[in-house]
Amino acid sequence: MIVIDTASERETLAFARRLGEQAKAGDVYALDGDLGAGKTVFAKGFAAGLGVPGTVSSPTFTIIQVHEGGRLPLYHMDVYRLSDEDELEAVGAEEMLRGDGVCLVEWACLVRGLLPPETTRITIEKDLARGTDFRRIRVEYGSRA
Ligand code: ADP
Ligand code: MG
């Protein structure tokens, strides 16, 4: 497990960018943390590390945003608005979760049962006692067969 503290959005972007640079085909990243924790900021940095061109914004309303044009396809999901796991399957996410691209799932705790065991779990937490821009980011690698 990796634990890193960031003091600004810029630091979170830079950390996520490094993970994006290291991502491999088929990787799944579960992103958890409260509203405003920095999951989408993380996704932006990660996408930059993958070489995704253009703007990466929150897929809250579309559920899935597909970004081509980087080193690997990026499937950026935000499952906050789904009522259950079946709905995620209905929008074609299963293929993406088992495909050769890279999946980043915001609010992954809501669809835990659909994620492969090798999923990398990333949690972002605030600690207001340490300032409004402080974030603690935990990265836990999943089981690899
Ligand atoms: P989420 O997707 O988790 O709901 P966002 O990434 O959309 O959250 O928003 C995070 C907000 O927190 C942004 O407004 C960002 O500028 C701010 N922020 C402040 N400090 C940090 C930090 N250290 N890391 C990431 N975001 C930060
Ligand atoms: Mg978000």
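How each quantity is defined
- Residues numbered from 1 in each chain as written.
- Chains lettered and ligands numbered in written order.
- Predicted model: local features only at pLDDT ≥ 70, side-chain atom pairs only at ≥ 80, totals over all residues.
- Heavy atoms only, no water.
- Helix = DSSP H or I, 4+ residues; strand = E, 2+ residues; numbered from the N terminus.
- Contact = heavy atoms within 4.5 Å.
- Salt bridge = Lys/Arg side-chain N within 4 Å of Asp/Glu carboxyl O.
- Buried < 20%, exposed > 50% of the residue type's maximum accessible area, 1.4 Å probe, protein only.
- Pairing = 2+ DSSP bridges.
- Axes fitted to C-alpha atoms, helices over the stretch in contact; angles between N-to-C directions.
- Donors = N, O, S within 2.8 Å, 3.2 Å for Na, K, Ca; no water.

Engineer: Describe the environment of Met96, with residues and values.
Structural biologist: Looking at where Met96 falls in the secondary structure, it is placed in helix H4 (residues 93-97). With 30 residues separating them along the chain, Met96 and Val66 place their C-alpha atoms 9.7 Å apart. Every residue in contact with Met96, bar those within four places of it in the chain, is listed here: Ile64, Val66, Tyr75, Met77 and Cys103.

Engineer: Any chance you could break down the pattern of salt bridges for me, citing the residues and the numbers?
Structural biologist: Pairs can form between side chains of opposite charge whenever their charged atoms are close. The full count for this structure, using the stated rule, is three salt bridges. When the shortest N-O distance is used, the salt bridge between Asp5 and Arg130 registers 3.8 Å. Of this pair, Asp5 sits in strand E1 (residues 2-6) while Arg130 sits in the loop between strand E6 (120-126) and strand E7 (135-140), and the two are 125 residues apart along the sequence. Judged by relative accessible area, which is 48%, Arg130 ranks as partly exposed. A salt bridge links Asp5 to Arg136, with the shortest nitrogen-to-oxygen separation between them at 2.7 Å. Taken together, the positions of Asp5 in strand E1 and Arg136 in strand E7 put the pair 131 residues apart, joining distant regions of the chain. Residues joined in a network through salt bridges with shared partners are Asp5, Arg130 and Arg136.

Engineer: Lay out the sheet that holds strand E2 (residues 28-32) with the relevant residues and their values.
Structural biologist: Within the open sheet, the seven strands sit side by side as E1-E7-E6-E2-E5-E4-E3. Their pairing is mixed. Where the open sheet ends on each side, the last strands, each with one partner, are E1 and strand E3 (64-67). Neighbouring strand axes in the sheet, compared pairwise and without regard to direction, differ in orientation by 15° on average. Bridge analysis of E6 against E7 gives six bridges, and the strand direction is antiparallel. Its bridge partner being in E7, Thr123 is matched across the sheet by Arg138. Running over the sheet, helix H1 (residues 9-22) touches E1, E2, E6 and E7 and is turned about 150° from E1. Packing against the sheet, helix H2 (residues 39-50) makes contact with E2, strand E4 (74-78), strand E5 (102-106) and E6, and its axis sits at approximately 170° to E5.

Engineer: Give a description of the coordination of the magnesium ion (ligand 2) that names residues and reports values.
Structural biologist: The coordination sphere of the magnesium ion (ligand 2), as far as protein atoms go, consists of Thr40 (OG1) and Glu106 (OE), spread over 2.1 to 2.2 Å. On the criterion of sequence distance, the pair formed by Thr40 in helix H2 and Glu106 in strand E5 is long-range, its members being 66 residues apart. The exposure classification of Thr40 matches that of Glu106, with both residues buried.

Engineer: Can you lay out the pairing of E6 for me, pointing to particular residues and giving the numbers?
Structural biologist: In this structure, E2 lies alongside E6, joined through four bridges in parallel fashion. Residue pairing across strands places Asp32 opposite Thr123, the latter belonging to E6.

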